[in-house]
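Working through the structure, step by step
Chain by chain, the residues:
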Amino acid sequence: MLIHSSQNIDAVTAENFFKEIDQYPESVYVINWKTERNYPNHNHKKGQLIYIEGGIAYIHLTDKTLVIPARHYVWIPGGMMHFVEMHKSAVTRTLYFYWHDDNSNPFYGKGGIYPINNLLLQMLIYSERWSGDVHPDEQAFHFLAGIKAILPEISKKALPVALPTTDITRMHPVLDYMNENAFEPLTLSSVSDKTGFSERTLSRLFQSTLHTSFLQYFKLLKMVKAIELMLQTDMSMSEIAYKLGYNSLSAFSAIFYQLTKIRPSEFAKQLR
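These lines cover the structure that appears in this document, whether it is placed above or below. For clarity, every value in this text was computed on a predicted model and none was experimentally measured.

**Comments concerning the nonpolar core**
Grouped together as the largest cluster of nonpolar side chains are 54 residues, with contacts concentrated most on Met178, Phe206, Met230, Phe252 and Phe256. Looking at this core, the element that brings in the most residues is helix H8 (residues 214–232), giving 11 residues. The next biggest cluster of nonpolar side chains, apart from the first, holds 25 residues, and it includes Trp75, Leu120, Trp130 and Phe141.

Printed below as a string of structure tokens:
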């Protein structure tokens, strides 16, 4: 999925930056950038907490792409390969945490995307006064450690909006075409015609590379587009439903709930 970059970082600069973050294993590393730098695929030993204050972001993992809407945060476990892509309007807050206690709770090893609550939001706002490494012998460290400590307790309702991805390059033109034409009534037949595959071959490729069907992938893609429209436009839920090709608001709402376990109207309220 192609996203406008706020600032693209080359591989050497990125490697040096993450070495700096992991240099002191016991510290919390605080970043107060208002826009996220776009780093190439990478990992780091420290777990990463990113709060998306405004706009929308995507986190690309080995096998899926997760949508991070505004007023949601994501926990990225230490060692997980990933990269984050931001819209130009995105605003973030980021903390990197020590890993010596990650075995204390399964949350730290799996991560996910969650709606912010007022307690965590106020703690993240307060953490703006620090930057770079904060060490255990500093008073600020205990406050920042408290943020990590409360995450398993408050992070109960993960947002399951994930697009499967693949490293198989022959599928990339297919996924790009679907992303660019997501508001059209795409079918397996129409996409195969446009991308040069037979319907049978394309159907098999979806199953073998993305482990899902064409129809299921298209449903997920539409929900991603729905979230984008909620964030970036003043369209009503009915307007969003019809733009996505649904005949009624109830049909759209049912699919949205099936995939996210929350009604679109309720989800939109969380974004305000």
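**Topic: the pattern of salt bridges**
If the charged atoms of two oppositely charged side chains come close together, the side chains can form a pair. Enumeration over the complete set of coordinates arrives at 7 salt bridges. A salt bridge links Glu53 to Arg93, with the shortest nitrogen-to-oxygen separation between them at 2.5 Å. Of this pair, Glu53 sits in strand E2 (residues 47–54) while Arg93 is found in strand E7 (residues 91–97), placing the two residues 40 residues apart along the sequence. On the accessibility criterion, Arg93 (11% relative accessible area) is buried. Among the salt bridges present, the one from Lys148 reaches Asp102, with a minimum N-O distance of 2.7 Å.

**Brief notes about helix H3 (residues 118–126)**
Residues of H3 that are buried: Leu120, Leu121, Met123 and Leu124. What you see down the axis of H3 is that its buried residues fit within an arc of 165°, all on one side. Turning to H3, the residues buried within the fold contact E2, strand E5 (72–76), E7 and helix H4 (139–154).

**Observations regarding the packing of helix H5 (residues 172–180) against helix H7 (residues 199–210)**
What describes two packed helices is the angle between their axes and the distance between those same axes. Across the interface, H5 lies against H7 with an axial gap of 11 Å and an inter-helix angle of 100°. Relative to H7, the element H5 is oriented roughly perpendicular. Facing H5, whose interface residues are Val174, Leu175 and Met178, H7 presents Leu202, Phe206 and Leu210. Per-class residue counts for the contact of H5 with H7 are 6 nonpolar, no polar and no charged.

**Quick notes on the pairing of E5**
In terms of burial, E5 is largely enclosed, as 5 of its 5 residues are buried. Of the two faces of E5, both are covered, the one formed by His72, Val74 and Ile76 as well as the one formed by Tyr73 and Trp75. The sheet contact formed by E2 and E5 spans 5 bridges and is antiparallel. Note on E5: the bridge partner recorded for Gln48 is Ile76. Bridge analysis of E5 against strand E8 (residues 112–115) gives 4 bridges, and the strand direction is antiparallel. Bridging from a neighbouring strand, His72 pairs with Pro115 of E8.

Rules of the game
Residues numbered from 1 in each chain as written. Predicted model: local features only at pLDDT ≥ 70, side-chain atom pairs only at ≥ 80, totals over all residues. Heavy atoms only, no water. Core = buried A, V, L, I, M, F, W, Y, C linked by side-chain atoms within 4.5 Å. Buried < 20%, exposed > 50% of the residue type's maximum accessible area, 1.4 Å probe, protein only. Helix = DSSP H or I, 4+ residues; strand = E, 2+ residues; numbered from the N terminus. Salt bridge = Lys/Arg side-chain N within 4 Å of Asp/Glu carboxyl O. Arc of directions from axis to C-beta. Contact = heavy atoms within 4.5 Å. Axes fitted to C-alpha atoms, helices over the stretch in contact; angles between N-to-C directions. Parallel < 35°, antiparallel > 145°, perpendicular 65-115°, else oblique. Nonpolar A, V, L, I, M, F, W, Y, C, P; charged D, E, K, R; others polar. Pairing = 2+ DSSP bridges.

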